[in-house]
Amino acid sequence: MATGLKALPFSFGTHFLALVAAVMVLVWSIHFRGGLAWEADNKNLIFNIHPVLMLIGFVILGGEAIVSYKSSPLEKQVKKVIHLVLHAIALILGIIGIYTAFKNHNESNIPNMYSLHSWIGISVITLYGIQWVYGFVVFFYPGGGAEIRRDSLPWHVLFGTFVYVMAVGNACLGFLEKLTFLEVNGLAKYGSEAFLVNFTAIATVLYGVFVFLTILSQAPATHQDDHSYSAIS
């Protein structure tokens, strides 16, 4: 299913929402939560790295990887490299982001893997890694034959979209979980920090929507073969 609209205008909205969400999560983590630290007596500073890397590093860069392939007028091979590299960076930062959550829990004597957010998070990062490895092997190096690439492409797009939707949804679940913990421990339910967290989640959802709209739209015309990243149909 394609919208029949051009991908480039949607990409502008995507970039804008990426900037908004990134600024909001940084303001939350640094201004309201006290900053970021790899080592600290205040273990919450270690945890603060988690939402920053998961949103900016994983969700936003992952979305930009999708958008860059679909909306850019560059040649296919150039877009393929950009797509691959951005996804690789997103995956690496996502792994580090998850590690910081474990590090915070372990140093604070908090149990690991007890919430739905953590279960889905591990599933998403695993599926994301599988998707990246498969895409690298089939579409980049050593590269599958023309028939394998043609048959794999619709499933690659569909599976990647599914994993990305899960990532966006789980990010919002993480915001909800953290905000609930903070409110149970005395954070004002109608205070500025609570509103900031909720609006950050809303910006994340809107960002995911614009990424999805870009996927469904028409890519700029370039000299591409039949195995380019086309709209879901």
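Structure first, text after, so check above.
All values derive from a computational prediction rather than experimental measurement.

Notes on a nonpolar patch on the surface
Here is step 1: On the surface, V81, V85, I89, F140 and Y141 cluster together into a nonpolar patch covering about 450 Å² of accessible area.
Here is step 2: Of all the elements, helix α4 (residues 76-107) adds the most residues to the nonpolar patch, at 3 residues.
Here is step 3: Relative to the elements of secondary structure, F140 occurs in helix α5 (residues 116-140).
Here is step 4: Overall, the relative accessible area of 38% leaves F140 in the partly exposed class.

Some words on the side chain of S72
Here is step 1: Within the element layout of this structure, S72 appears in the loop between α3 (49-71) and α4.
Here is step 2: For S72, a relative accessible area of 14% translates into the label buried.
Here is step 3: Reaching out from S72, the side chain makes a polar contact with the backbone nitrogen of L74 at a distance of 3.2 Å.
Here is step 4: In contact with S72, not counting residues within four places along its chain, are V67, K79 and P220.

Rules and cut-offs
Residues numbered from 1 in each chain as written. Predicted model: local features only at pLDDT ≥ 70, side-chain atom pairs only at ≥ 80, totals over all residues. Heavy atoms only, no water. Patch = residues over 30% accessible without salt bridge, like charges linked within 9 Å, V, L, I, M, F, W, Y side chains within 5 Å. Areas by Shrake-Rupley, 256 points an atom, 1.4 Å probe, with all protein chains shown as cover. Salt bridge = Lys/Arg side-chain N within 4 Å of Asp/Glu carboxyl O. Helix = DSSP H or I, 4+ residues; strand = E, 2+ residues; numbered from the N terminus. Buried < 20%, exposed > 50% of the residue type's maximum accessible area, 1.4 Å probe, protein only. Polar contact = N/O pair within 3.5 Å; in protein donor to acceptor, adjacent residues only side chain to side chain. Contact = heavy atoms within 4.5 Å.

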